[in-house]
Amino acid sequence: MTTKAFLLGECDNIGALLDRTLRFDYGLEGSFEFYEECSARLGILQSELNAVDPANLPQVGILSRGLAELTQLICRIERSSIGEYSWPFVEELKRIAASICTEATIDDPDAPLKVYVLAEGALDAYCIYHERLRPSYAKRRLLTIVFPKTLKHFVLLHSILGHEIGHAIFGCTKHQATLVKDVLSHLTHVGGAFETAAATAAHIFSNTVPPSVLADLSSRGATEANLFVEFSDWSSWWEELLCDVIGLVSFGPAFVAAECSLLYSLDVTGLGVGPYHPLVAWRINLLRRGAKLLGLDLLPENDSPLKEAMQEFWNYIDTFVKNDPWCDVLDDAEFLAALNGAEKLLSLHKPAAYPPPSFEAMEKMLSAIHRLVPPVGFAVDSQGEPHCDNVDFRHILYVGWIESRRQNGSGTTFSIVNKLCEHAIMQQRAISIALEGGM
Amino acid sequence: MSIISQNYVDDSNLIAKRFASIVATYFEGATEVRDGSARVPLENLYRILEMYRFDAYRDEDRKGVLALHVSESRYDRSRNNENWQAGIAAALSQSLEAFYRNVPKETAIAELQESLRSVARGQPLPPDQSRKAHGFFERFGQLV
């Protein structure tokens, strides 16, 4: 059997796999659109295989790789099961993605990317994969959101996906140009630690570098000259910073708390120099400073349980900040300009940008969650009349984080707070639909 | 351990080349254009033109937000080859110069995208626009 004949047989196998799986309903909204997309990919691969000269090995190789990628994709989508992730959170995340993660197609200049969700792995599974822009056998690009299976209901930690939304936004051609102009230019400002790869390496190997960092780098043979040649990818580092900026302006305080908790649980010193991400200590210090620059840590003026609880929350965040100037890598003015640049773009695509909460609403929600009631925009007034209000799900998450850090709290565990917030997001969606006249 | 390991190969240029030659035939009235999978080359070229329009080619293949300690292997560095688009962008520029000389880049890209849209929808194009689009994609397929 020739390679071409073998691959044509594999096309039949993939077609059968597709019919056995994605033709049927998977997930909340069914899987027909994925079936249609995969069928189009299989169709072009099959017709190209039929046409290819068996002696044209480079072309046969490309088609072979295309078939392998398609099979992997179908199997990933098939694994996607609604029972394995927090679908109320996913619905909110999808609303953000649909508003801004778009691509220009022949039929629609702002077509939302098709999103599917799956759960796998452990703590570090959080990810949003966007298919690559470069030529491929894809008709439309797909977005895959991945949650850790062990954290199904931990919606407070899911806020970290704000960073991942950043990658997906940066993967949208027209936003990429805007972000480079309005955000990246400030992150890589002249004279800063991220001006060039050489500047970043010089900062790392400066006289003030913590001895443990230097010892780790030296033991691996890394030097100022070869760090971004052999060990780390500088362009990935700045993209990660850019995505932290987007995470902050899209998810607000809940994003800061999620990054502090998760990043430091994986790199306990915060000083590991990895291949694709800047040091955790740099990122957390930046986020805390960004929250201050944006006024996200403002407290109510009156003395109240909310003020006290919010203060406690930000005190907790401050425990993750390293008081070492070596860990502060950007100039305040430039960093604020970068934050404003990201906020400007996201504000054009509602509900992508984090909206400032009202302290009055926050106070009511904090009181509710403290009584183990899901914090939503619903109350019964003194006359016994019910009142509904719109509440952004990111404010529910912020209230959840505040409650989880409350010093003299009700004894609720982090797990219970998460479940209350997950229920709140679901209930709030119903309230919002009712307010919009949808019920 | 899987049964084989291979270095990553970036197929961008060859796929773009093939798609351009396929799309060029659509402007000659190929019937396959109404088939669902015919949209794949059309959408790819539309996407390539969009990247060229915004000069936005950043296309990292990446790990998740927390994948701090992924392999530091140098073998897979080529996956993130930052210059994957160099040949494609150069071929687009030369093809534009050949068929849309003195036309502003933005206008030329808009016209080419409109041509792809018309072909996808089976709508007739003015002969001159069709001829230029056909020539452009044919030349691009030769150059890339």
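Because the structure is predicted, anything quoted here is derived from the model rather than measured.

Draft legend 1. How the structure looks around helix α16 (residues 359-370) of chain A. Residues and elements named next belong to chain A. Given a rise of 1.5 Å per residue, 12 residues ought to cover 16 Å, and the 16 Å separating the end C-alpha atoms of α16 matches this to within 8%. Within α16, burial applies to Met 362, Met 365, Leu 366, Ala 368 and Ile 369. Burial along α16 is one-sided: seen end-on, the buried residues are contained in an arc of 160°. Residues of α16 that are buried sit in contact with α14 (305-318), α17 (393-404) and α18 (414-435). Directly beyond the C-terminal end of α16, a positive phi value near 65° is found at Leu 372.

Draft legend 2. Spotlight on the interface of chain B and chain A. Contact residues are listed per partner, giving 55 residues for chain B and 62 residues for chain A. Taken together, both faces of the contact between chain B and chain A bury some 5200 Å²; the carbon and sulfur share is 54%. Counting every contact that joins chain B to chain A gives seven salt bridges. Asp11(B) is the salt-bridge partner of Arg65(A), the closest N and O atoms lying 2.8 Å from each other. Every element with two or more residues in the side of chain B that touches chain A is listed here: α1 (12-26), α2 (39-54) and α4 (105-121) of chain B.

Draft legend 3. Up close: the nonpolar core. In terms of nonpolar packing, the biggest core is built from 115 residues, with Phe89(A) and Phe147(A) touching the most fellow members. When neighbours within four sequence positions are excluded, Phe147(A) is seen to be in contact with Tyr85(A), Phe89(A), Val90(A), Leu93(A), Val117(A), Leu118(A), Ala119(A), Glu120(A), Ala125(A), Tyr126(A), His158(A) and Leu161(A).

Draft legend 4. Representation of empty space enclosed by the protein in the model. Per the counting criterion, the structure on display carries three cavities of 30 Å³ or more. For the largest cavity, the calculated volume is near 100 Å³. As for the largest cavity, its lining consists of Thr102(A), Glu103(A), Ala104(A), Pro109(A), Leu133(A), Arg141(A), Gly171(A), Cys172(A), Thr173(A), Lys174(A), Arg47(B) and Glu50(B). Counting residues per element, the ones that place at least two in the lining of the largest cavity are β1 (102-103) and α7 (173-187) of chain A together with α2 of chain B. Of the residues assigned to the lining of the largest cavity, the class counts are four nonpolar, three polar and five charged.

Draft legend 5. Geometry of helix α15 (residues 332-347) of chain A. Residue and element names in this part refer to chain A. The end-to-end C-alpha separation of α15 is 22 Å, in line with the 22 Å expected for 16 residues at 1.5 Å each. Buried residues of α15: Phe 335, Ala 338, Leu 339, Gly 341, Ala 342, Leu 345 and Leu 346, and no others. End-on view of α15: buried residues confined to an arc of 155°, all on one side of the axis. α15 presents Ala 333 and Lys 344 as exposed residues on the side facing more than 90 degrees away from its buried surface. Packed against the buried residues of α15 are α4 (87-100), α6 (161-170), α7, α11 (234-251) and α13 (280-293).

Draft legend 6. How the structure looks around the pairing of strand β5 (residues 142-147) of chain A. All names here are of chain A. Extensive coverage of β5 is indicated by the burial of six of its six residues. Two strands pair when backbone bridges link them, and strand β3 (residues 114-119) and β5 are joined in this way by six bridges, in the parallel orientation. Bridge pairing in β5 places Val 115 opposite Leu 143. Bridge count between strand β4 (residues 127-130) and β5: four bridges; the pairing is antiparallel.

Draft legend 7. Summary view of the domain arrangement of chain A. Residues and elements named next belong to chain A. Annotation of chain A at the domain level lists domain 1 (3-151), domain 2 (175-347) and domain 3 (359-435). One C-alpha centre belongs to domain 1, the other to domain 2, and the line joining them spans 33 Å. The interface is formed by nine residues belonging to domain 1 together with eight residues belonging to domain 2. Taken together, the two surfaces of domain 1 and domain 2 that pack against each other cover about 600 Å², and 81% of this comes from carbon and sulfur. For domain 1, the biggest contributors to the area lost against domain 2 are Ile 96, Ile 100 and Leu 123; these three give 59% of the whole. Our enumeration of links across domain 1 and domain 2 arrives at zero salt bridges. Here domain 1 and domain 2 share one residue pair in polar contact (both at pLDDT 80 or more) between them. No other element matches the four residues that α4 contributes to the side of domain 1 that touches domain 2. Split into classes, the residues belonging to the side of domain 1 that touches domain 2 amount to seven nonpolar, one polar and one charged.

Draft legend 8. Quick look at the side chain of Arg41(A). Residue and element names in this part refer to chain A. Relative to the elements of secondary structure, Arg 41 occurs in helix α2 (residues 32-51). You can call Arg 41 buried: its relative accessible area is 7%. Among residues more than four places away in sequence, those in contact with Arg 41 are Leu 70, Leu 73, Glu 131, Tyr 137, Ala 138, Lys 139, Arg 140 and Leu 142.

What counts, and where the lines are drawn
Residues numbered from 1 in each chain as written. Chains lettered and ligands numbered in written order. Predicted model: local features only at pLDDT ≥ 70, side-chain atom pairs only at ≥ 80, totals over all residues. Heavy atoms only, no water. Helix = DSSP H or I, 4+ residues; strand = E, 2+ residues; numbered from the N terminus. Expected span 1.5 Å × (residues − 1). Buried < 20%, exposed > 50% of the residue type's maximum accessible area, 1.4 Å probe, protein only. Arc of directions from axis to C-beta. Contact = heavy atoms within 4.5 Å. Buried area = accessible area lost by both parts, 1.4 Å probe. Salt bridge = Lys/Arg side-chain N within 4 Å of Asp/Glu carboxyl O. Core = buried A, V, L, I, M, F, W, Y, C linked by side-chain atoms within 4.5 Å. 1 Å grid on protein atoms, 1.4 Å probe; cavity = no way out; pocket = protein on both sides within 12 Å on 5 of 7 lines; lining within 4 Å. Points joined across faces, edges and corners; volume = space filled by probe spheres on them. Nonpolar A, V, L, I, M, F, W, Y, C, P; charged D, E, K, R; others polar. Pairing = 2+ DSSP bridges. Domains from an automatic or database assignment. Polar contact = N/O pair within 3.5 Å; in protein donor to acceptor, adjacent residues only side chain to side chain.

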